[in-house]
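# Architecture at a glance
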Amino acid sequence: MGDGHVVDLKAFSEVQLAAFFKTLKEPAFRAKQFLLRVYTKKAVSIDDITEFSLPLREHLKGISFISSLQTVKRLESTDGTRKYLFALTDGQTVESVLIEDDERLTLCVSSQVGCAMGCRFCLTATGGFKRNLKAHEICDQILSVSRDIEPERKITNIVLMGMGEPLSNYEEVTHALKIMTGWLNISKRRITLSTAGLVPELERLYSDGFRVNPAISLNATTDDLRSIIMPVNRKYNLKTLLSACRRLPIPERRRITFEYVLLKGVNDSPDDAVRLVKLLKGIRAKVNLIPFNEFDGANYKRPSDAAVLEFQEIVAQGHISVFIRKSKGRDILAACGQLKAGY
Ligand code: SAH
């Protein structure tokens, strides 16, 4: 055809694909055959869809294509963490981080190009918001990295903790979750979605049945401070956020993760630790302390190891499981809050 109406087959949902094949007088099950090839057999071109007849493949090649991410850069940290810079079809770029931990292989994926949340301590925020990722662009990060690791290894866990606020891209993120738990066969127990605290969308996620592990970026114990470092708090304050957490239908043996970035002299005092324990009372919570990861131009400092340990000790005494997140990949700016994708 070559009349400019070349469509990206990957951008279609299953329903849209079925409709597309119908216009070609092909049966609806072509959609399933296509998705199976793309998501489980790693097809990257129409020629790879060997279930389709040769004439159908030739016809499709004239009117459509299968997009994939281009790997622009791949950095490997001394601790084995890998950071990927991917280009999307419109030239925008996003980053993904692969973290190795014993037998676990966790991929941290981005949900937006940039971020609109404006958290003061986060490097991603400094570039502003560019656009939402489509569901297939979120899942393509998994496919691209899968192709890059040893064939016998498999990505075991997904964390939506890369660039962007996943819950402000609700439709595409939930579509991506369906692809992950469906075609990619990743258990919802191995998927964690982290949010800065968009309360209505968080509640909607669970009422819509997406029972992935929730992680909340808390980062402060008073509304005054939280509103300064995380502007989203002016809309949904601590009380609103934490009462929503109390109501979330979390399965019996699961917990809500609270991330707490420790900023020297800002939110790392023993009083903060005591307040944190009080705030989390009645919530099945687990706390991940993340000592601030520094970057050029940052306004904050990382607390001393002693201060971090003291904070942890106080929280632990409040009978809350509390871990210090070993920041991986700091030497390649791949740690929490260090993703910016060079735009
Ligand atoms: N927007 C979502 C997803 C991003 S997760 C959210 O806010 O949860 C990124 C995590 O890294 C958040 O918990 C954030 O608090 C943390 N973070 C951001 N900047 C950081 C930095 N410079 N050092 C350490 N952690 C940081």
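Residues numbered from 1 in each chain as written. Predicted model: local features only at pLDDT ≥ 70, side-chain atom pairs only at ≥ 80, totals over all residues. Heavy atoms only, no water.

### Brief notes about helix α10 (residues 270–279)
All of the buried residues in α10 are Asp272, Ala273, Leu276 and Val277. Buried positions in α10, seen along its axis, are confined to an arc of 140° and lie on one side of it. Along α10, the residues that are exposed and aim more than 90 degrees away from the buried face are Asp271 and Lys278. Packing partners of the buried residues in α10 comprise β12 (256–262), β13 (285–291) and α11 (305–317). (Buried < 20%, exposed > 50% of the residue type's maximum accessible area, 1.4 Å probe, protein only. Helix = DSSP H or I, 4+ residues; strand = E, 2+ residues; numbered from the N terminus. Arc of directions from axis to C-beta. Contact = heavy atoms within 4.5 Å.)

### Overview of the sheet that holds strand β3 (residues 70–76)
The strand order across the open sheet built from ten strands is β3-β4-β5-β6-β9-β10-β11-β12-β13-β14, with neighbouring strands paired in mixed fashion. Strands with a single pairing partner mark the edges of an open sheet, and in this sheet they are β3 and β14 (321–324). Recorded for the sheet is a direction-independent mean angle of 20° between the axes of neighbouring strands. Here strand β4 (residues 82–87) pairs with strand β5 (residues 93–101) via six bridges, running antiparallel. Paired with Ala87 across the strands is Thr93, a residue of β5. Each of β9 (157–160) and β10 (191–195) is contacted by helix α6 (residues 170–181), which is oriented at about 165° to β10, the strand it contacts most. Of the strands in this sheet, β12, β13 and β14 touch α11, which is tilted by about 165° from β14. (Pairing = 2+ DSSP bridges. Axes fitted to C-alpha atoms, helices over the stretch in contact; angles between N-to-C directions.)

### Observations concerning the domain arrangement of the protein chain
For the protein chain, the assigned domains read domain 1 (7–65) and domain 2 (70–332). The straight-line distance from the C-alpha centre of domain 1 to that of domain 2 is 34 Å. Contacts between the two partners involve 14 residues from domain 1, matched on the other side by eleven residues from domain 2. Carbon and sulfur atoms make up 70% of the area that domain 1 and domain 2 hide from each other, which totals about 1,100 Å². When residues of domain 1 are sorted by the area they lose upon contact with domain 2, Lys10, Tyr39 and Lys42 head the list and together hold 53% of the total. Connecting domain 1 to domain 2 are one salt bridge. At the junction of domain 1 with domain 2, the criterion picks out one residue pair in polar contact (both at pLDDT 80 or more). Here the residues of the side of domain 1 that touches domain 2 are counted per class, giving seven nonpolar, two polar and five charged. (Domains from an automatic or database assignment. Buried area = accessible area lost by both parts, 1.4 Å probe. Salt bridge = Lys/Arg side-chain N within 4 Å of Asp/Glu carboxyl O. Polar contact = N/O pair within 3.5 Å; in protein donor to acceptor, adjacent residues only side chain to side chain. Nonpolar A, V, L, I, M, F, W, Y, C, P; charged D, E, K, R; others polar.)

### Description of unusual backbone geometry
Phi at Lys25 is positive, roughly 60°, even though this residue is not glycine. Along the chain, the position of Lys25 falls in the loop between α1 (14–23) and α2 (29–40). We classify Lys25 as exposed; its relative accessible area is 76%. A positive phi angle, close to 50°, is found at Asp102, a residue other than glycine. One can find Asp102 in the loop between β5 and β6 (104–108).

### Focus on the site of the ligand
Neighbouring the ligand are 20 residues; Phe121, Ser194, Ser217, Asn293 and Gly337 lie closest to it. Separating an oxygen atom of the ligand from a side-chain N or O atom of Asn219 is a distance of 3.0 Å. Within the contact set of the ligand, a nitrogen atom lies 3.3 Å away from a backbone nitrogen or oxygen of Cys336. Surface burial for the ligand is 94%, taken as the share of its 540 Å² of free accessible area covered by protein chains. Contributions of two or more residues to the shell around the ligand are made by β10 and β12. Along the lines of polarity and charge, the residues of the shell around the ligand split into ten nonpolar, eight polar and two charged. (Near = heavy atom within 4 Å. Areas by Shrake-Rupley, 256 points an atom, 1.4 Å probe, with all protein chains shown as cover.)

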